[in-house]
Amino acid sequence: MDFQLDIRTMLITLILGNMFMVLLIFAYRFRSPYDQANSSFAVSKWLQAAGWLLVLIRDNLPDPHLILLSNALILGGVGLEIIALLMMAGEFRAGARRYYVIITTLSVLSFGLIYFFHNSDNLRIASASLAAVLFVGFPAYRFTTSKEGSPLQTVMGLVYSVLASILLARAFSALFSERDMNIFSPGLAQHLYYIGMFLIMILGTVGFVLLSRERSYDELKRMANVDELTGILNRRAFIVQAQLAAAAAAERREPISFLLIDIDHFKRVNDNYGHVAGDSALRNFAATVELLLGPRDLFGRYGGEEFAVLLPGAGEEESDRKAEQLRQAVMNSRIEGHNLQYTISIGVITVIPDNKPQLDLLYKLSDAALYKAKDEGRNRVVRSRPPEGLVRR
């Protein structure tokens, strides 16, 4: 069966589709605060709609430079759309910025040289298609290879890979075709190209909305689990994750160590240096401790100047060494912009948890050791021994 696609109808679909996508995004994000990714995405859709409109009507207008302008608008719109998607996914870093600056410059130079010095429809189509390959190739690579990416990003990367293949096929078809091609020429490569552009329009908008929801969910999850001042786990999140870690340790019959940490004389820090300095001390403390913890270790703020660390798999000797390492690191740390030093006291307990690990019991036992450390003069580590029969060591 001979498949025919009416290209002018497809152009009208692309024009109206991009315009409606802008309205949908505007309605979806109406009550949201200003966001550069949202603004960039909306502008990209307007650019693409304007570019496709010029392609549709260019035969009815006398200006020969409309070809150059229409291609610039479309390529710029597609590029800006992909940049907005990368922003939303948190992938638009310094390397991506340099990449898009370079390929945008090369694309403009290539198309301009062809247009002014060797104005061939086939070469223009090949140049624009190869430029588009480079534009969509980056998210295709990043979304499919990123270890931190979500399943949504992986699917988007695979679809962009397919689109890059379609665009590459169109470029080679234009370069090696024995007949002249233009934007309205029929043929399999052309039909696949317009279907690809339609998919980019749909995929970009749906992907942008889903990535926006994904980012909002991650932000809500972060706000629910992370202490705002220090950036570490809050009490609730620490307890939940610590209970899971203790249950896993019970199954493997391996020890865990619980460290309860308190900043010594923290009230004096606030009274003598002010609450701003006190907040700086808390952030400095959290950053210092985080640098010394492993990937399995948990670190959370229990409240005020009291913090907890869970060391899965750490026995008494290892946890004593880690606790002393933390104490010395904090004592030797410096707070930028403040001439103050502070110390910490630590209560430690090590157990092999049973099938129903009791985190509140570990807290009470380490808290008793912590108070002993304070009674003995602070700035020290004291170990607690669990009563026989309550928790097995």
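Preceding block: the structure.
So, here's what we can say about the structure. Every value quoted in this text rests on a predicted model; they were computed, and no experiment measured them.

**What about helix α3 (residues 66-89)?**
No. 1: With 24 residues, α3 extends 34 Å from end C-alpha to end C-alpha; this agrees with the ideal 34 Å at 1.5 Å per step.
No. 2: Looking one or two residues beyond α3, the residue adopting positive phi is Gly90, at roughly 75°.

**Focus on the pattern of salt bridges**
Any two side chains of opposite charge can pair if their charged atoms end up close together.
No. 1: With the rule as written, the count across this model stands at twelve salt bridges.
No. 2: A salt bridge links Arg327 to Glu324, with the nearest nitrogen and oxygen atoms 2.5 Å apart. Pair noted here: Arg327 and Glu324 are both in helix α11 (residues 316-331), with a separation of three residues, about one helical turn.
No. 3: Each of Glu91, Arg93 and Arg142 takes part in salt bridges that share partners, so that together they form one network.

**Describing a nonpolar patch on the surface**
No. 1: Together, Ile12, Leu16, Met19, Phe20, Leu23 and Trp46 make up a nonpolar patch on the protein surface, roughly 600 Å² of accessible area in all.
No. 2: Tallying contributions element by element places helix α1 (residues 7-28) first for the nonpolar patch, with five residues.
No. 3: The topology assignment puts Trp46 in helix α2 (residues 36-57).
No. 4: According to the relative accessible area criterion, Trp46 is partly exposed, its value standing at 44%.

**Re the side chain of Ser127**
No. 1: Secondary-structure assignment places Ser127 in helix α5 (residues 121-145).
No. 2: Overall, Ser127 belongs to the buried group, its relative accessible area being 10%.

**Brief notes about the packing of α3 against helix α6 (residues 151-176)**
No. 1: At a minimum axis separation of 13 Å, α3 and α6 run at an interaxial angle of 160°. Judged by the angle between their axes, α3 and α6 are roughly antiparallel. The hand of the α3/α6 crossing is left-handed. Contact residues: α3 offers Glu81, Ile82, Leu85 and Ala89, while α6 offers Gln153, Met156 and Tyr160.

**So, the sheet that holds strand β1 (residues 256-263)**
Adjacent strands of a sheet form backbone hydrogen bonds with each other and so pair up, either parallel or antiparallel.
No. 1: The five strands are arranged β2-β3-β1-β4-β5 in an open sheet whose pairing can be described as mixed. The open sheet has two edge strands with one neighbour each: β2 (298-303) and β5 (381-383). Strand-to-strand twist across the sheet, computed as the mean angle between neighbouring axes with direction ignored, equals 20°.
No. 2: Of the strand pairs in this sheet, β2 and strand β3 (residues 306-312) are connected by five bridges, and their pairing is antiparallel. By the bridge assignment, Gly300 is partnered in β3 with Ala308.
No. 3: Its contacts with the sheet put helix α10 (residues 275-292) on β1, β2, β3 and β4 (344-351), and the angle it makes with β2 is roughly 155°.

**Observations regarding the pairing of β1**
No. 1: The buried count for β1 comes to eight of eight residues, which makes it a mostly enclosed element.
No. 2: Residues Ile256, Phe258, Leu260 and Asp262 line one face of β1 and the alternating positions Ser257, Leu259, Ile261 and Ile263 line the opposite face, and both faces are buried.
No. 3: Inspection of the sheet shows β1 paired to β3 by seven bridges, in the antiparallel sense. Across the sheet, Ile261 pairs through a bridge with Phe307, a residue of β3.

**Quick look at the packing of aromatic side chains**
No. 1: Evaluation of the coordinates by the stated rule reveals twelve aromatic pairs.
No. 2: Residues Tyr99 and Tyr100 carry aromatic rings whose centres are separated by 5.2 Å and whose planes lie at 90° to one another, so their mutual orientation is edge-to-face.
No. 3: By the ring-pair criterion, three or more aromatic residues cluster together here, those being Tyr99, Tyr100, Phe135 and Phe138.
No. 4: The residue whose ring lies beneath Arg235 is Tyr363, and the NZ or CZ to ring-centre distance is 5.8 Å.

**Considerations on the nonpolar core**
No. 1: By size, the foremost hydrophobic cluster in this structure holds 47 residues, and its most contacted members are Trp52, Ile82, Tyr100, Tyr160, Tyr194 and Phe208.
No. 2: Where this core is concerned, the elements lending two or more residues are α1, α2, α3, α4 (94-117), α5, α6 and α7 (188-225).
No. 3: Ranked by the residues each element gives to this core, the list is headed by α3, at ten residues.
No. 4: If sequence neighbours within four positions are ignored, Tyr100 has contacts with Ile82, Ile83, Leu86, Phe92, Phe135, Phe138 and Pro139.
No. 5: Val269, Leu311, Leu326 and Val330 belong to the second-largest nonpolar core, a separate cluster that totals 27 residues.

Procedures and definitions
Residues numbered from 1 in each chain as written. Predicted model: local features only at pLDDT ≥ 70, side-chain atom pairs only at ≥ 80, totals over all residues. Heavy atoms only, no water. Helix = DSSP H or I, 4+ residues; strand = E, 2+ residues; numbered from the N terminus. Expected span 1.5 Å × (residues − 1). Salt bridge = Lys/Arg side-chain N within 4 Å of Asp/Glu carboxyl O. Patch = residues over 30% accessible without salt bridge, like charges linked within 9 Å, V, L, I, M, F, W, Y side chains within 5 Å. Areas by Shrake-Rupley, 256 points an atom, 1.4 Å probe, with all protein chains shown as cover. Buried < 20%, exposed > 50% of the residue type's maximum accessible area, 1.4 Å probe, protein only. Axes fitted to C-alpha atoms, helices over the stretch in contact; angles between N-to-C directions. Parallel < 35°, antiparallel > 145°, perpendicular 65-115°, else oblique. Left-handed = near helix turned anticlockwise from the far one by under 90°. Contact = heavy atoms within 4.5 Å. Pairing = 2+ DSSP bridges. Phe/Tyr/Trp six-rings, centres within 6.5 Å; stacked < 30°, edge-to-face > 60°. Lys NZ or Arg CZ within 6 Å of the ring centre and 35° of its normal. Core = buried A, V, L, I, M, F, W, Y, C linked by side-chain atoms within 4.5 Å.

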